[in-house]
Amino acid sequence: ALNLNGGATTLSTDASGNIIRTPSDANLKNDIDDIDDALAKVNKMHGVTYNFKDAKRFGSNRHMGFLAQELEQVVPDVVSSGGEYKSVNYSVLTALLTEAIQDQQKQIK
């Protein structure tokens, strides 16, 4: 936990429950590319509602999201494997959705 102190960053967890940082500072990045065909990718995404099989472990509430295995076929960068399960990094989908809206606005204009 000491390594998490003192940095401007957002924390989240991966599929294994490990705490991970999600820094976004441009000074930390290279090989930066635009998100191509964002609208086409969003059109291939399949949102679902579901309940977890193991309600004791994950809760009994109804959830909304994606199936990681399906989403991985469309945007593999947002899916990671950890332990026995795959997870979706939902926060990074914001960039894809933003680009898709911008693409759609260009079509409308």
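Sequence order as written defines residue numbering, which begins from 1 separately in each chain. Since the coordinates come from a predicted model, pLDDT governs what is reported: local features require at least 70, and pairs of side-chain atoms require 80 or more to be given and counted, while whole-chain, interface and lining totals use all residues. The basis for every side-chain value is the complete set of non-hydrogen atoms in the structure, without hydrogens or water.

## Focus on helix 4 (residues 93-108)
For the α-helix, the turn length of 3.6 residues means that residues three or four positions removed from each other point alike. Basically, it comes down to this: Helix and strand definitions here come from DSSP, where helices need a minimum of 4 consecutive H or I residues and strands a minimum of 2 consecutive E residues; each element is numbered from the N-terminal end. The span expected for a helix works out to 1.5 Å for each residue beyond the first. The buried label applies to any residue whose accessible area, calculated with a 1.4 Å probe on protein chains only, is under 20% of its type's maximum; exposed applies above 50%, and partly exposed to all values in between. This arc corresponds to the set of directions leading from the helix axis out to the C-beta atoms. Residue contacts are defined here by distance: any two heavy atoms, one from each residue, within 4.5 Å place the two residues in contact.
Taking 1.5 Å as the rise per residue, helix 4 with 16 residues should run 22 Å; its terminal C-alpha atoms sit 22 Å apart, in good agreement. Burial in helix 4 covers these residues: Leu 93, Leu 96 and Ala 100. Buried residues of helix 4 fall within an arc of 60° about the axis and therefore sit on the same side. Among the exposed residues of helix 4, those pointing more than 90 degrees away from its buried face are Ile 101 and Lys 106. Along its buried surface, helix 4 packs onto helix 1 (38-44), helix 3 (68-74) and strand 6 (85-88).

## Things to note about the pairing of strand 6
Formally: DSSP calls a pair of strands paired once it identifies at least 2 bridges connecting them.
Pairing of strand 5 (residues 79-82) with strand 6 involves 4 bridges; the strand directions are antiparallel. When the sheet's bridge partners are listed, Ser 80 is paired in strand 6 with Ser 87. Where strand 5 folds back on strand 6, the antiparallel hairpin that results is connected by 2 residues, among which Gly 83 adopts a positive phi of roughly 65°.

## Focus: the confidence of the model for the protein
Reading predicted coordinates in detail is not appropriate for stretches of low pLDDT. Just so we agree on the cut-off: The score called pLDDT rates the predictor's confidence residue by residue, from a low of 0 to a high of 100.
Considering every residue of the protein, the mean pLDDT works out to 87; 83% of them sit at 70 or more. Between the elements of the protein, mean pLDDT differs from a low of 67, seen in strand 1 (residues 11-13), to a high of 98, seen in strand 3 (residues 48-50).

## Some remarks on the pattern of salt bridges
Applied cut-off: Basic side-chain nitrogens of Lys or Arg form a salt bridge, by our definition, when they fall within 4 Å of a carboxyl oxygen of Asp or Glu.
Enumeration according to the criterion identifies 1 salt bridge in this entry. Across the pair Lys 86 and Glu 72 runs a salt bridge whose closest N-O atoms are separated by 3.2 Å. Here Lys 86 is found in strand 6, whereas its partner Glu 72 is found in helix 3, with 14 residues between them in sequence. By relative accessible area, Lys 86 is classed as partly exposed at 32%. According to the relative accessible area criterion, Glu 72 is partly exposed, its value standing at 25%.

## Considering a negative patch on the surface
The line we're drawing: Note on patches: the residues involved have over 30% relative accessible area and no salt bridge, like charges join within 9 Å, and the nonpolar side chains Val, Leu, Ile, Met, Phe, Trp and Tyr join within 5 Å. Here the accessible surface of atoms and residues is derived via Shrake-Rupley with a 1.4 Å probe, and residues count as covered only by protein chains that are part of the display. Charge assignment: positive for Lys and Arg, negative for Asp and Glu; neither His nor the chain ends contribute. Note that the charge is assigned to NZ on lysines, CZ on arginines, CG on aspartates and CD on glutamates.
Where like charges cluster on the molecular surface, the negative patch consists of Asp 31, Asp 33, Asp 34, Asp 36 and Asp 37. Tracing the sequence through the fold places Asp 33 in the loop between strand 2 (19-21) and helix 1. Relative accessible area serves as the criterion here: at 65%, Asp 33 is assigned to the exposed category.

## Points about the nonpolar core
This is how it is decided: By nonpolar core is meant a set of buried Ala, Val, Leu, Ile, Met, Phe, Trp, Tyr and Cys residues that side-chain atoms within 4.5 Å join together.
Among the nonpolar cores identified, the biggest contains 14 residues, and Met 45, Leu 71, Val 75, Val 78, Val 88 and Leu 93 are the most heavily contacted of them. Excluding residues within four positions of it along the chain, Val 78 makes contact with Leu 71, Ser 87, Val 88, Asn 89, Val 92 and Leu 93.

## A few points about a nonpolar patch on the surface
The grouping of Phe 52, Phe 58 and Tyr 85 at the surface amounts to a nonpolar patch, some 260 Å² of accessible area in total. Locating Phe 52 in the fold gives a position in the loop between strand 3 and helix 2 (55-58). Overall, the relative accessible area of 32% leaves Phe 52 in the partly exposed class.

## Side note on the environment of Ala 95
Of note, Ala 95 is situated in helix 4. Its relative accessible area of 38% is what places Ala 95 among the partly exposed residues. Here the alpha-carbon distance between Ala 95 and Ile 35, two residues 60 residues apart in the chain, equals 8.2 Å.

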